[in-house]
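# Summary of the model geometry
Next come the chains, spelled out residue by residue.
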Amino acid sequence: MIGKRTIADLDPKAIEGKRALVRVDFNVPVKDGVVGDETRIRAALPTIRALKGMGARVVLLSHLGRPKGGGYEAKYSLKPVAAALELLLGSPITFIPDAALLDAADATRRLPRGGVALVENTRFLAGEETNDAATADVLAKLGDFFVNDAFGSAHRAHASTEAVAHQLKPAVAGYLMEKELEYLGKALAEPARPFIAVLGGAKISGKIDVITNLLPKVDQILIGGAMANTFFKAQGASVGTSLVEDERLDMAIDLLSKAGPKIVLPESVVVAEALEKPGTRREVEWHAIPDRCGVYDIGVAARTRFAMLIKGAKTVVWNGPMGVFETPPFDEGTVAVAKALAAATAKGAVTVVGGGDSAAAIAKAGLEEQVSHVSTGGGASLEFLEGKVLPGVAALDDR
Ligand code: ADP
Ligand code: MG
């Protein structure tokens, strides 16, 4: 269905006893040697457990943070992740400190069936970020076939995501990767209609390509967040002290004329004298923003309208918060949209949330289980919505 081979497409005999080299996304926050948020580790468990269960020897690859790429840096070591994974899986993890050492491949062969090893941070290897073939070759020696389950890293062509998938075959998608491609791909390729996109966040500039790619596909685009301010100003309104992109005004006018009624802007907004002065907040119409105030959220009227449209949709893609959701009470518009997505899902709509801050917002609202899919890949899901080919996906075997 996703156009790429998956674990389910492999002959069980090609898995049993073989070494599965699995690229996962264990790029988790680590503080004082302890993993802070295990979400990304948990997201890879279905693939790891399935391969274990099929008798594979599972060898995991991941990056963590942004080391300089010249070798080991203690604060970016995956050691703490190995400890967290050991607890989650309830079985011991063999830690391989350096993929480039001769005994690394031996260590993978010594794993028992169903055993799991974690290789140290791929970004300690000089050739990782340059997608170097020789580095990919070093990695390819650690497995008999390749599984990519790191959707969140698939937009980067690195040795452990792209080059290795050419050198180690078969190269297939893991369960998380499959789920991401299925939900995001289906929403864009064959959406049940009405299909509504909800876009927000800080800047239009980062999302122009998303708007341009989505416009011909969707029935409507609802726009909130600071992005809306640029559209207000483009139509001649004053936006006070709001975050606005003056260099994108022409682009906003152009988009509005292209999109016609497809673009729905908030008719009302919540303004305040400053983020730190929630007591000064009030709701005004979009063309009546006071000079000494800034916009920090969509207004109640806009929330009601957005919620009504979302609840009437059969497919909803949401990227970007409606306001400064990190600072209550300016999270109310974002929470209202999150609730509307949950309500639409309950009525049978397919709802997909992409983007790091949007995922954080829906988790904060406690509604992540009540939408169809929350993407684990911030940048990768954005590039997917832009219609770009993700190199880590493209390199996998076609169906
Ligand atoms: P995502 O990570 O989901 O793609 P973005 O990174 O594009 O989302 O945008 C999220 C940021 O946008 C948040 O930090 C939020 O505070 C900010 N934001 C939303 N609305 C406003 C606004 N009206 N003024 C200033 N910042 C805003
Ligand atoms: Mg963000």
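What counts, and at which threshold
- Every chain's residues receive numbers from 1 upward, in the order its sequence appears when written.
- Here every chain gets a letter starting at A, and every ligand a number starting at 1, in the order they are written.
- Two thresholds apply to this predicted model, a pLDDT of at least 70 for residue-level local features and 80 or more for giving and counting side-chain atom pairs, whereas whole-chain, interface and lining totals are computed over all residues.
- Water and hydrogen atoms were dropped before computing side-chain values, which therefore reflect all heavy atoms in the structure.
- Paired strands, in this sense, are two strands between which DSSP finds at least two bridges.
- Elements are defined by DSSP. Helices are runs of H or I of four residues or more, strands are runs of E of two residues or more, and each kind is numbered from the N terminus.
- Source of the domain bounds: an automatic or database domain assignment.
- Two residues qualify as a contact provided that any one of their heavy atoms is within 4.5 Å of a heavy atom in the partner residue.
- Using a 1.4 Å probe, buried area is obtained as the accessible area two parts lose upon being combined, added over both of them.
- Counted as salt bridges are all cases of a side-chain nitrogen of Lys or Arg within 4 Å of a carboxyl oxygen of Asp or Glu.
- Two N or O atoms count as a polar contact when they lie within 3.5 Å, although within protein this holds only if one can serve as hydrogen donor and the other as acceptor, and sequence-adjacent residues are included solely when both atoms are side-chain atoms.
- For this scheme, ten residues count as nonpolar: Ala, Val, Leu, Ile, Met, Phe, Trp, Tyr, Cys and Pro. Four count as charged, namely Asp, Glu, Lys and Arg, and the remainder, Gly too, count as polar.
- To obtain an axis, a line is fitted to C-alpha atoms, over the contacting stretch when the element is a helix, and the angle between two such axes runs from 0 to 180 degrees between their N-to-C directions.
- Small angles under 35 degrees read as roughly parallel and large ones over 145 as roughly antiparallel, with 65 to 115 read as roughly perpendicular and the rest as oblique.
- Rotating anticlockwise by less than a right angle from the far helix to the near helix defines a left-handed crossing, while the corresponding clockwise rotation defines a right-handed one.
- In these notes, a set of buried Ala, Val, Leu, Ile, Met, Phe, Trp, Tyr and Cys residues joined through side-chain atoms within 4.5 Å is what counts as a nonpolar core.
- Note on classification: 1.4 Å probe, protein chains only; a residue is buried when its accessible area is under 20% of the maximum for its type, exposed when over 50%, partly exposed between these limits.
- For the handedness criterion, the strands are oriented away from the viewer, and a crossover whose path from the first strand over the helix to the second runs clockwise is classed as right-handed.

### A word on the sheet that holds strand 9 (residues 195-199)
An order of 11-10-9-15-16-17 is seen for the 6 strands of this open sheet, with the pairing classed as parallel. Lying at the two open borders of the sheet, with one neighbouring strand each, are strand 11 (263-264) and strand 17 (373-374). Looking at chain direction, strand 15 (residues 315-319) and strand 16 (residues 350-353) are connected through 4 bridges and run parallel. When the sheet's bridge partners are listed, Val316 is paired in strand 16 with Thr351.

### Details of unusual backbone geometry
Between Arg193 and the following residue, Pro194, the backbone shows a cis peptide bond with an omega angle of 5°. When you line up the elements, Pro194 lands in the loop between helix 6 (175-189) and strand 9. Each neighbour pair has its own omega, and for Pro328 with Pro329 the value is 10°, a cis peptide bond. Within the chain, Asp32 stands out as a residue other than glycine whose phi angle is a positive 50°. As for its placement among the helices and strands, Asp32 is situated in the loop between strand 2 (30-31) and strand 3 (34-35).

### What about the domain arrangement of the protein chain?
For the protein chain, the assigned domains read domain 1 (7-176) and domain 2 (191-385). Here domain 1 and domain 2 have C-alpha centroids that lie 36 Å from each other. Taken residue by residue, the interface counts 6 residues in domain 1 and 7 residues in domain 2. Buried area between domain 1 and domain 2, both sides added, is near 580 Å², and the carbon and sulfur share of it is 68%. Across the contact surface, domain 1 and domain 2 share 0 salt bridges. Joining domain 1 to domain 2, the criterion identifies 0 residue pairs in polar contact (both at pLDDT 80 or more). Among the residues forming the side of domain 1 that touches domain 2, the class breakdown is 3 nonpolar, 2 polar and 1 charged.

### Here we look at the packing of helix 1 (residues 39-53) against helix 2 (residues 79-89)
Each pair of packed helices gets described by two things: the angle between the helix axes and the distance between those axes. Two numbers describe how helix 1 lies on helix 2: the axes approach to 11 Å, and their chain directions differ by 60°. The orientation of helix 1 with respect to helix 2, classified from their angle, is oblique. The handedness of the crossing between helix 1 and helix 2 comes out as right-handed. Between helix 1 and helix 2, the residues in contact are Ile41, Arg42, Leu45, Ile48, Arg49 and Lys52 and Val81, Ala84, Leu85, Leu88 and Leu89, respectively.

### Regarding the nonpolar core
Formed by 74 residues in total, the largest nonpolar core has its most connected members in Ile211, Ile221, Ile223 and Phe231. Structurally, this core is a two-domain feature, drawing no fewer than three residues from each of domain 1 (7-176) and domain 2 (191-385). Core analysis: the next-biggest nonpolar cluster, separate from the first, contains 32 residues, Leu10, Leu88, Phe95 and Val116 among them.

### Considerations on the pairing of strand 15
Counting buried positions along strand 15 gives 5 out of 5 residues, so the element sits mostly inside the fold. By the alternation rule, side chains of strand 15 split into Thr315, Val317 and Asn319 and Val316 and Trp318, which are all buried. In terms of strand pairing, strand 9 meets strand 15 through 5 bridges, oriented parallel. In the sheet register, Ile196 faces strand 15, and the bridge partner there is Val316. Between strand 15 and its parallel partner strand 16, the chain crosses via helix 11 (residues 332-346), and the hand of that crossover is right-handed.

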